[in-house]
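Structural overview for review
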Amino acid sequence: MNADIDVDINALRAALSAHGITLPSLGVDPLTLAWWEPRTPLVALGNCNVATARRLAEVLRTAAGG
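The structure contained in this document is the topic of the report that follows. All values reported here derive from a predicted model rather than from experimental measurement. (Residues numbered from 1 in each chain as written. Predicted model: local features only at pLDDT ≥ 70, side-chain atom pairs only at ≥ 80, totals over all residues. Heavy atoms only, no water.)

Relative to the helices and strands, T52 resides in helix α3 (residues 50–63). With sequence-adjacent residues up to four places away left out, T52 is seen in contact with I21, T22 and L23. (Helix = DSSP H or I, 4+ residues; strand = E, 2+ residues; numbered from the N terminus. Contact = heavy atoms within 4.5 Å.)

So this is what it looks like as structure tokens:
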């Protein structure tokens, strides 16, 4: 696996955690790693419950100044 994607996912996990947000299935999309020619893997944000989705929306709105 591309080591850079691990760094990026861990940075995203830490940034979300700083706002009290946990996306339990955050990780690399395994299907993009199975591709036969080199490509940048996708980050799978995964599923979350409604409370987490609301909190994420709230943080993003605040960050956007709204």
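Okay, the pattern of salt bridges next. Counted according to the given criterion, the structure contains 1 salt bridge. In this structure, R55 engages E58 in a salt bridge whose closest nitrogen and oxygen atoms are separated by 2.8 Å. One end of the pair, R55, and the other, E58, are both in helix α3, 3 residues apart, so they sit about a helical turn from each other. (Salt bridge = Lys/Arg side-chain N within 4 Å of Asp/Glu carboxyl O.)

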